[in-house]
Amino acid sequence: MHSTIKYSASVLLIALLGACANTDSKPVVAEPSNEEVHQLLLASFKTKGQANIDRLNQTELQQACSLAETAPGGLPDTQRTALQNAALASVKYPGDGKYLGDWKAGEKIAQSGKGFQFNDKEGSTSGGNCYACHQLAPQELAYGNIGPSLYQYGKLRGNSDAIMKYTWAKIWNSHAYNACSNMPRFGAEGILTEDQLKDVMALLMATDSPVNK
């Protein structure tokens, strides 16, 4: 009986000392799982117009890049290469072999951020909103810097077939050259039509485009 009481008192003393020792420590909060985060997102949004919750479903590439943000060493090189090769293989080049359209129409596309929002009419023409991330024509003073400056893009690079194909592929699916790129996949996701892509190409590459002055 006495031994039992003594043991219980010892346990109580240890518990009290432990509680005192942890008074300044922060409580340990478990990180939510990826599935828990996904379910929270699904519960927070609802379909409105053409903006539906299917957009919350990540592709294999998006999942890999999301996980890589917190993984030691980031995205493994072998996985990065495989994802980029798959993206490059998905690129559809112009059926007629012509890359350049009208740079004036391309400038309007670069200025416009319209499209794929809940209040846009489904099937309506979208813009590229290129100035949100890039400098292009010098006349436009309002531009973002998330992406590199594209001023004098064609003038500095020339118009070889290799450059034309690279630029087209970059616009069609930017993941072809950077697996975790933030740039929209304008062709792969159907944001811009082939003709619109040609117009943006002309804005970047045509010698008479203000971008190349």
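Above: the structure in question.
Quick caveat, the model's predicted, so the values are computed rather than measured.

(A) Geometry of the state of the cysteines. Using the criterion set out here, one finds one disulfide in the structure. Residue C65 pairs covalently with C180 via a disulfide, S to S 2.1 Å. Its torsion about the S-S bond being -90°, the disulfide of C65 and C180 is classed as left-handed. Here the residue C65 occupies a position in helix 3 (residues 60-68), and C180 occupies one in the loop between helix 7 (161-172) and helix 8 (194-205), the gap between them amounting to 115 residues. On the basis of relative accessible area, C65 is assigned to the buried category, the value being 11%. With relative accessibility at 28%, the residue C180 sits in the partly exposed group. Between C130, a cysteine without a disulfide, and C133, which holds the nearest cysteine sulfur, the sulfur-to-sulfur distance is 8.6 Å. Given the relative accessible area of 13%, C130 is considered buried.

What counts, and where the lines are drawn
Residues numbered from 1 in each chain as written. Predicted model: local features only at pLDDT ≥ 70, side-chain atom pairs only at ≥ 80, totals over all residues. Heavy atoms only, no water. Disulfide = S-S within 2.5 Å. Helix = DSSP H or I, 4+ residues; strand = E, 2+ residues; numbered from the N terminus. Buried < 20%, exposed > 50% of the residue type's maximum accessible area, 1.4 Å probe, protein only.

Scope: geometric values only; no functional claims are made or implied.
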